[in-house]
Amino acid sequence: MRKKIQVLVMALCLCVSMASCSSNISEPVSSTSSSEITSVTADPSDSPSSRVDFSELFEVVQKELIPSGDKLMFIAELKNISKEQISFRKTRLDVLDMDSNYIGTISDIYFRPQIIDPGESTYIYEDVLSGIRVAKDDETIDAYSIGNITIRPEYFISSGILPVDSDVSGLSLSIGSSGGVVATGSVTNNETEDIPDTWVIIPIRDEEKRIRVVLLEEIGVLRGGDVVNFTAHDYNNVTIDIKNVDLSDVVVVGPQKMWGANVRIGDIYTFSDETSTHLNPQEECTPTPEPTPDPTPEPEKNTTTAGQRNALKKANSYLKYSNFSYQGLVEQLEYEKFSHEDAVYAVDHCGADWNEQALGKAKSYLDYSAFSYTGLISQLEYEGFTAEQAAYGADNCNADWNEQAAKSAKSYLDYSSFSRDSLIDQLVYEGFTYEQAVYGVDAVGL
């Protein structure tokens, strides 16, 4: 059941200017202000007939830099105002200082969703400072050092990727233990067919309709007609006031629209938006506090290598969207061609709670398959979790083992024939207790 993960990255090019954090910071330029926006095909000949006007395809609804404690969140919303389905491809973000000198490049900047139909929006929600710490080889950069940000995009016209027919209900917000916003609710699949990899995207807006945070959660398999409860998190843990917020723009997407699909028509385009977006003056700019000076002669220099920093960034990226054991994350990074030493460094410093990772993995298994208590522990151990971590996941996943036995019994009968006694024996062999096995067989009417 183990598989390697391929993350598809997308692309956009928004040029962002940020003034210093002072009381005279000028107001943000309106997202609807005019600018010289041109889009060209990837064809080097760049013939006039191949030019596409970006402003006829997208509306820049919002683009801001919003400081939050020691984070500097870049938030962008693009709305598809064309009559075509549009797909984004790979993205990179270039960071310049106040004198337009290059600081570094941040990879893996995601638009979510990656494919948008006419009238739909896509979002970027990234901690810029965290990315720069990974991209730059010397000292940590704070908000005062950043001048311009350029996100370099590619997009193309796609076709045939259908939206998910679903409803979201019972949505409520709370503040999680890490300080970030948490949303709970349920999603209903109104279709008869299963959706293999369902995601919920929740942009949370303030009273002025500005996006403040974007929540993201993988639901897993959403079977036809089913109602599934979910809990969506802000993985950047930005603290906001959740009173009087707008939750009207919840998006439910399948894997094609979330990660993109290679179904395209015509050329690949790029664009450059030259409008400036300043640091939002309504927010408090609180740079990372300087440590108390140490009387020692010289502070220690950062001795981490570029390979270690890049591996750490990749590890954190994986942990935003999936659950891993310590061993599994090391192996995944090695699969991505990081050295064993860099992979171990990244996993040692990623701050993951391996018990919670085991719990998350256990819940994801139960979303699409039935397990006994011992069977689930064995599967988690196969994924590289320790016996203690696997037991924690199985103990805290809130599974009803009788119902798991019933689901397993039904799945066996879907593809084979069993007598009552032989099906009970099979369930016991799968790790269910005799009582659970009898309950399961009774539930399917055998």
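Structural notes, computed from the coordinates. Model, not experiment: these values are computed from the prediction.

## A word on the sheet that holds strand β9 (residues 121-127)
Strand pairing within a sheet occurs via backbone hydrogen bonds; the two strands may be parallel or antiparallel. Strand order in the open sheet formed by three strands is β3-β4-β9, with antiparallel pairing between adjacent strands. For this open sheet the edge positions go to β3 (58-68) and β9, each flanked by a neighbour on one side alone. For this sheet, the mean angle separating the axes of adjacent strands, direction not counted, is 10°. Pairing analysis gives seven bridges linking strand β4 (residues 71-80) to β9, with the strands arranged antiparallel.

## Details of the pairing of strand β6 (residues 92-97)
Within β6, five of the six residues are buried, leaving the element largely enclosed by the surrounding structure. When β6 meets strand β7 (residues 102-107), the two strands line up antiparallel, connected through five bridges. Within the sheet, the bridge partner assigned to V95 lies in β7 and is G104. Linking β6 back to β7 in an antiparallel pair, the connection comprises four residues, with S100 at a positive phi of about 65°.

## Notes on the packing of aromatic side chains
Inspection of the entire model under this criterion finds seven aromatic pairs. Summarising the aromatic geometry, the rings of Y326 and W354 are spaced 5.7 Å apart at their centres and angled 75° between planes, so their arrangement reads as edge-to-face. Of this pair, Y326 sits in helix α4 (residues 326-335) while W354 sits in helix α6 (residues 354-368); the two residues are 28 residues apart in sequence, bridging distant segments of the chain. Where Y373 meets W401, the ring centres are 5.7 Å apart and the plane angle is 85°; that geometry is what we call edge-to-face. Residue Y373 is located in helix α7 (residues 373-382), and its partner W401 is located in helix α9 (residues 401-415); the two are separated by 28 residues in the primary sequence. Residue classification places W401 among the buried residues on the basis of a relative accessible area of 16%. Following the ring pairs from residue to residue traces out a cluster consisting of F58, F88 and F111. Note that K361 overlies the ring of Y365, its terminal NZ or CZ placed 6.0 Å from the centroid.

## Topic: the pattern of salt bridges
Under the criterion given, the structure shown has nine salt bridges. The salt bridge involving D206 is made with R210; its shortest N-O contact spans 2.5 Å. For the pair D206 and R210, a shared accessibility class is recorded, and that class is buried. Between K209 and D246 there is a salt bridge whose closest N-O contact spans 2.5 Å. Here D246 lies in the loop between β16 (227-233) and β17 (251-253) and K209 lies in the loop between β14 (195-205) and β15 (211-222), a separation of 37 residues in the sequence. One continuous salt-bridge network, built from bridges that share partners, spans E77, R205 and D249.

## Observations concerning the nonpolar core
Among the nonpolar cores identified, the biggest contains 33 residues, and I202, V213 and L215 are the most heavily contacted of them. If you list the elements that add at least two residues to this core, you get β4, β9, β13 (181-189), β14, β15, β16, β17 and α2 (255-259). When residues of this core are assigned to their parent elements, the largest contribution, seven residues, is made by β15. Setting aside chain neighbours within four positions, we find V213 in contact with Y125, V181, I202, P203, I204, D234, V238 and I240. Core analysis: the second largest hydrophobic core is formed by 23 residues, L65, F88, I106 and I124 among them.

## Focus: the packing of helix α3 (residues 306-321) against helix α5 (residues 340-349)
Packing of α3 against α5 brings their axes to within 8 Å, and their N-to-C directions diverge by 55°. On the basis of the axis angle, α3 is oblique to α5. Between α3 and α5 lies a crossing of right-handed hand. Here α3 contributes G307, Q308, A311, L312 and A315 to the contact with α5, which in turn contributes D342, Y345, A346 and H349. Its residues placed into classes, the contact of α3 with α5 shows five nonpolar, three polar and one charged.

## Digging into the pairing of strand β5 (residues 85-88)
Alternating residues of β5 divide into Q85 and S87 and I86 and F88, and every residue in both groups is buried. Of the strand pairs in this sheet, β5 and strand β11 (residues 155-158) are connected by four bridges, and their pairing is antiparallel. Opposite F88, over in β11, you have Y155 as the bridge partner. Judged from the two bridges that link them, β5 and strand β8 (residues 115-116) form a sheet pairing that is antiparallel. Paired with S87 across the two strands is I115, which belongs to β8.

## Some words on α5
Restricting attention to buried positions, one finds in α5 the residues D342, A343, Y345, A346 and V347. Packed against the buried residues of α5 are α3, α4 and α6. Trailing α5 by a residue or two, G351 shows a phi angle of about 75°, which is positive.

Conventions used here
Residues numbered from 1 in each chain as written. Predicted model: local features only at pLDDT ≥ 70, side-chain atom pairs only at ≥ 80, totals over all residues. Heavy atoms only, no water. Pairing = 2+ DSSP bridges. Helix = DSSP H or I, 4+ residues; strand = E, 2+ residues; numbered from the N terminus. Axes fitted to C-alpha atoms, helices over the stretch in contact; angles between N-to-C directions. Buried < 20%, exposed > 50% of the residue type's maximum accessible area, 1.4 Å probe, protein only. Phe/Tyr/Trp six-rings, centres within 6.5 Å; stacked < 30°, edge-to-face > 60°. Lys NZ or Arg CZ within 6 Å of the ring centre and 35° of its normal. Salt bridge = Lys/Arg side-chain N within 4 Å of Asp/Glu carboxyl O. Core = buried A, V, L, I, M, F, W, Y, C linked by side-chain atoms within 4.5 Å. Contact = heavy atoms within 4.5 Å. Parallel < 35°, antiparallel > 145°, perpendicular 65-115°, else oblique. Left-handed = near helix turned anticlockwise from the far one by under 90°. Nonpolar A, V, L, I, M, F, W, Y, C, P; charged D, E, K, R; others polar.

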